[in-house]
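# Geometric and topological summary
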Amino acid sequence: MDHFLYKDGVLHAEDVAIPEIADVVGTPFYVYSTATLTRHYRLFDEALDGLDHLVCYAMKANSNQAVLKLMASLGAGVDVVSGGEYRRAKAAGFSGDKIVFSGVGKTRDEMCLALEGGIRQFNVESEPEMVLLSRAAESLGVVAPITVRVNPDVDAKTHEKIATGKSENKFGIPIARAREVYALAASLPALEVVGIDVHIGSQLTSLEPYEQAYLKVAELTEALRADGHQIKRLDLGGGLGIPYERSNTAPPLPIEYGALVKRTLGHLDCEIEIEPGRLIAGNAGILVSEVIYVKSGEGRDFLILDAAMNDLIRPAMYGAYHDILPVIEADAGADMQPFDIVGPVCESGDTFTKNRLMPPVAPGALVVFRSAGAYGAVMASEYNTRPLVPEVLVHEHQFAVIRGRPTFDEIINRDTIPEWLEGSA
Ligand code: LLP
């Protein structure tokens, strides 16, 4: 459930009409709903009720400072994957003991940043990383709390680019080698083993792969404890999918996921962390765009929008489906017509969808991409020198621009001309 609904035939974000925002900020722009973000965080928090737990929002999904601040105010922890994300998390008010650091390629600088600024745990993904982290911690005179990310070799049955728990993926260490890797961790002077980490992929639409993975983690917990390791915390990753296509069957709910966690791991008396990103932010955001042209092609018609692949890359990158709706609600009996919906970027890949049935829309009409709050703005680029689009946060009847559109001067002036080219043109 989200808070983007038609009221009197006009799409609203909570109590704000979308055209009202468009008049102020211009198109295209992203809009997020505070109520939806809050609701989704709470669904996870409540799903783990009864377990000692922390929901660590995977900020890669949407790392706007305002979104982070909201999450921090709700009591969330945060999952970061770079020094940049760590800095953003701190700037938004997360204390170090609520920040977990994931990722296969942490650098020494990033490790030191987190060791100095405070960290709940590093989710370590390889032996060389373990050795480097121990050295970095030793040089600072501190001990680094770690889990080891294990790769359970489970098929998450999702898009191949976002599956991470198969043995051929670059993530984690093979679960079969976990005991020797934990033995290495215990032998390193500046590491403290606190638990196990696992994350098998994103946009999972069934609980079965989680069940397989978590049963393996339960078994490993017992084995590692028998080896003398302290396993007091299990980080179970993120990945629960969202219903992009409302006509399809809906993925499992957080409450069902929570029940699975309790059933497979509840007896181990561990603190549970989860790292959802998409389910918190995805359906809490839309991308609003204006139709520039309606163009008749050879055997097909195009809707040419002012948003493009640089603003929302998911369709071009993963063939992802997003619902596209007109801001002014179509009449019940409206004549639907198929369109290829495209952006202005000079690539045929700049196609959001083909043959999508749409009600009549004219140039100047506003349309929205639903489910764009996660992996939307964060994956945007300025390809074709198209400025990053603004982000707006709505709260009941109020809205605020939480990232403005850069000016062309700002974009151009980020480049610098070397001395030897000065005055040459
Ligand atoms: N934890 C780890 C270690 C992750 O790698 C990810 C996502 C998450 C948590 C959060 O997963 P979520 O709950 O958001 O599914 N750009 C792609 C998604 C990439 C996901 C990468 N890792 C997309 O647009 O579909």
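As the structure is a computational prediction, the values presented were derived from the model and not from experiment.

## Focus on the UniProt feature "active site" (unreviewed entry) in the chain
In the UniProt entry, the feature "active site" (unreviewed entry) is given for Cys346. For cysteine 346, the position within the fold is in the loop between β17 (337–342) and β18 (351–358).

## Re the confidence of the model for the chain
In this model, the chain carries an average pLDDT of 96, and 100% of its residues clear a pLDDT of 70 or more. Averaged pLDDT values for the elements of the chain fall to 95 in strand β10 (residues 173–174) and rise to 99 in strand β20 (residues 391–395). Of the two predicted TM-score estimates for the complex, the pTM is 0.97 and the ipTM is 0.99.

## Thoughts on the site of the ligand
The environment of the ligand is made up of 21 residues, and the closest members are Ser202, Gly238, Gly277, Arg278 and Tyr375. Classifying every residue of the shell around the ligand gives eight nonpolar, eight polar and five charged.

## Comments concerning the UniProt feature "binding site: pyridoxal 5'-phosphate" (unreviewed entry) in the chain
If you check UniProt for "binding site: pyridoxal 5'-phosphate" (unreviewed entry), the listed places come out as Gly239, Glu275, Pro276, Gly277, Arg278 and Tyr375 in our numbering. Tracing the backbone through its elements, the reader meets glycine 239 in the loop between β12 (233–235) and α9 (254–265). Excluding anything up to four places from it in sequence, glycine 239 contacts Ala156, His199, Ile200, Gly201, Ser202 and Leu204. Among the secondary structure elements, glutamate 275 is positioned in the loop between β13 (271–274) and α10 (278–281). Every residue in contact with glutamate 275, bar those within four places of it in the chain, is listed here: Cys56, Ala58, Asp79, His199, Asp235, Gly237 and Gly238.

## Some thoughts on the environment of asparagine 169
The residue asparagine 169 is located in the loop between β9 (144–151) and β10 in this model. Considered as a pair, asparagine 169 and asparagine 151 are 18 residues apart in the sequence and their alpha carbons are 8.5 Å apart.

## Overview of the domain arrangement of the chain
Each assigned domain of the chain is listed here: domain 1 (4–31 + 282–413) and domain 2 (34–279). When each unit is reduced to the centre of its C-alpha atoms, the spacing between domain 1 and domain 2 is 32 Å. At the level of secondary structure, the elements contributing two or more residues to the side of domain 1 that touches domain 2 comprise β20 and β21 (398–403). Considering each element in turn, the side of domain 1 that touches domain 2 owes the most residues, four residues, to β20. Partitioned by chemical class, the residues of the side of domain 1 that touches domain 2 number eleven nonpolar, seven polar and four charged.

Conventions used here
Residues numbered from 1 in each chain as written. Predicted model: local features only at pLDDT ≥ 70, side-chain atom pairs only at ≥ 80, totals over all residues. UniProt positions renumbered as here; feature names shortened; annotations may be inferred. Helix = DSSP H or I, 4+ residues; strand = E, 2+ residues; numbered from the N terminus. pLDDT = per-residue confidence, 0-100. Near = placed C-beta within 6 Å. Nonpolar A, V, L, I, M, F, W, Y, C, P; charged D, E, K, R; others polar. Contact = placed C-beta atoms within 7 Å. Domains from an automatic or database assignment.

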